[in-house]
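Report on the structure
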Amino acid sequence: MILSGLAVLLTGCAGSMSSDTYNRNATMQMQDVHYGTVESVRGVRIAGTRSPVGVIGGAIVGGLLGNTVGGGRGKDLATVGGAIAGGVAGSAIEQGATQQNGVEITVRLDNGRIVSIVQAVDNQMFSPGQRVQVVTAPNGVSRVTAG
């Protein structure tokens, strides 16, 4: 029950990598737009994050659960063991909860350059031969959108 709550919390922390979700810092920024044609599309898996949030959250939960076991020195050992096991479990839960289905889109830009961009699967479907735009932010983050 507690670990499933941790998974829900971590899922809420995951940033979206879809073409229709922008980070707050990306708003009101001029972005370069290049037009091109989709060459190929391939499904990929975007690995989940591993941050201190999962480890620390899991360690806290594991330590609290371990602290309910036994008494005296055994209770202390159960608390430490629970914290270690919880940290490992929390990290794994975070990674599983934040992984996403993605798509690798290879685009031949109108200037002849070929680029490949990976983004999360969203409501936009792409297919070879489709005209698209590649939008690139000043920080280098690019996305493919229907053009």
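Residues numbered from 1 in each chain as written. Predicted model: local features only at pLDDT ≥ 70, side-chain atom pairs only at ≥ 80, totals over all residues. Heavy atoms only, no water.

1. Points about the environment of Ala92
Inspection of the secondary structure puts Ala92 in helix 3 (residues 72–98). You can call Ala92 partly exposed: its relative accessible area is 45%. Each C-alpha atom of the pair Ala92 and Gly54 lies 7.7 Å from the other, and the pair is 38 residues apart in sequence. (Helix = DSSP H or I, 4+ residues; strand = E, 2+ residues; numbered from the N terminus. Buried < 20%, exposed > 50% of the residue type's maximum accessible area, 1.4 Å probe, protein only.)

2. A look at the sheet that holds strand 1 (residues 32–46)
Spatial ordering of the open sheet is given by 3-2-1-4-5, a layout of 5 strands whose pairing is antiparallel. Two strands close off the open sheet at either side, each with one partner strand: strand 3 (114–120) and strand 5 (142–146). Averaged over all pairs of adjacent strands, the angle between strand axes in this sheet comes to 45 degrees, irrespective of strand direction. The sheet contact formed by strand 1 and strand 4 (residues 131–136) spans 6 bridges and is antiparallel. Paired with Tyr35 across the two strands is Gln133, which belongs to strand 4. (Pairing = 2+ DSSP bridges. Axes fitted to C-alpha atoms, helices over the stretch in contact; angles between N-to-C directions.)

3. Looking at the confidence of the model for the chain
Here the chain averages 79 in pLDDT, and 78% of its residues register 70 or above. Low pLDDT, under 50, characterises residues 6–14; the stretch is placed with 13 contacts to residues that sit more than four places away or in other chains. (pLDDT = per-residue confidence, 0-100. Contact = heavy atoms within 4.5 Å.)

4. Side note on the environment of Ser91
Relative to the elements of secondary structure, Ser91 occurs in helix 3. Residues Ser91 and Ala59, 32 residues apart in the sequence, show an inter-C-alpha distance of 9.4 Å.

5. What to know about the pairing of strand 2 (residues 100–109)
Strand 2 sits mainly inside the fold: 7 of its 10 residues count as buried. With 10 bridges connecting them, strand 1 and strand 2 associate as antiparallel partners. Looking at the pairing, Ile46 lines up with Gln100 of strand 2. Across 7 bridges, strand 2 lies against strand 3 in antiparallel orientation. Each bridged residue has a counterpart across the sheet, and for Gly102 the counterpart in strand 3 is Ala120. Between strand 2 and strand 3, which pair antiparallel and follow one another directly, the connecting turn spans 4 residues, one of which, Gly112, has a positive phi of 95 degrees.

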